[in-house]
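Residue-level structural notes
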Amino acid sequence: MGTDLHEVLRSLRVWDTELPSFDPAAAPAEPLALFTQWFTQAVAAGQTEPHTMSLATADEDGLPDVRIVMLHGADADGWAFASHATSRKGRQLAARPYAALDFYWPVQGRQIRVRGPVVVAPPEESQADLHARSTGALAAALVGHQSEVLPSLAELDRASDAAWERAGSAPASPAPTWTLYRLRPDEVEFFQGDTRRRHTRLVYRRTEAGWATELLWP
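Overview of the structure.

About the thresholds
- Residues numbered from 1 in each chain as written.
- Predicted model: local features only at pLDDT ≥ 70, side-chain atom pairs only at ≥ 80, totals over all residues.
- Heavy atoms only, no water.
- Helix = DSSP H or I, 4+ residues; strand = E, 2+ residues; numbered from the N terminus.
- Buried < 20%, exposed > 50% of the residue type's maximum accessible area, 1.4 Å probe, protein only.
- Contact = heavy atoms within 4.5 Å.
- Phe/Tyr/Trp six-rings, centres within 6.5 Å; stacked < 30°, edge-to-face > 60°.
- Lys NZ or Arg CZ within 6 Å of the ring centre and 35° of its normal.
- Patch = residues over 30% accessible without salt bridge, like charges linked within 9 Å, V, L, I, M, F, W, Y side chains within 5 Å.
- Areas by Shrake-Rupley, 256 points an atom, 1.4 Å probe, with all protein chains shown as cover.
- Salt bridge = Lys/Arg side-chain N within 4 Å of Asp/Glu carboxyl O.

1. Observations concerning the overall build of the chain
When you go through the chain residue by residue, the secondary structure sums to six helices and 10 strands. Each principal axis of the C-alpha atoms in the chain carries an extent, and together these give about 55 × 55 × 40 Å. In the chain, which comprises 218 residues, the share counted as buried stands at 35%. A separation threshold of at least 6 residues defines the contact pool for the chain, and within that pool the share at least 24 residues apart is 64%.

2. Side note on the packing of aromatic side chains
Evaluation of the coordinates by the stated rule reveals 12 aromatic pairs. Between W38 and F190, the ring centres sit 5.3 Å apart and the planes meet at 85 degrees, which makes this aromatic pair edge-to-face. Taken together, the positions of W38 in helix α2 (residues 31-44) and F190 in strand β8 (residues 187-192) put the pair 152 residues apart, joining distant regions of the chain. Each of the two residues, W38 as well as F190, counts as buried. Three or more aromatic residues joined by ring pairs make a cluster, and in this case those are F22, W38, F190, Y204 and W211. Taking the ring centre of W38 as reference, the NZ or CZ of R110 above it sits at 4.1 Å.

3. Observations concerning a nonpolar patch on the surface
Judged by side-chain polarity, L5, L9 and L12 come together as a nonpolar surface patch covering roughly 310 Å² of accessible area. Along the polypeptide, L12 turns up in the loop between α1 (5-11) and α2.

Spatial relationships are all this shows, so hold off on functional conclusions.
Set out below in structure tokens:
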């Protein structure tokens, strides 16, 4: 493979395999049920880390930002993720509590886009969510200082070692700024890729009467 970026890009192909079919007419009446179906199918198909997703926010000036985070749950209250309230994303959500999520599962040529207002879970729920996770997750939360300037990698090593020791010896240790967020969707889009580029797009939109659906052109 050459080192010219454009040559490398032109050499790449997507979905050179049989993709699942998707009949929008048979889709559930609300998006959470379809999300659960597709998520379960992605796991069964061997999709790597299907619970990771892109989280898009906007800063105080309205400029966009995006990063990969982990899904902590999805239910009638919304799609959940967590971060430090003092992190960049935490500050952005405090200023503009609206966000978008994107899941991409290339094994099946599927994408799910979710957007809507974001609310903060109560502190006790945030801490319970954290302590239900792994020792490593607690250690990372105890390190803190997310998105702050790091003077040196040596300082990170010292802080991480201390956090791992504390997480192992005191697994109920609180991380006060660790926050569970829930995105309550106004809109959820399901995208099923097609090798002939006749992609199927079904969007759910929340209305006063419930969920309404419509198809979109690829």
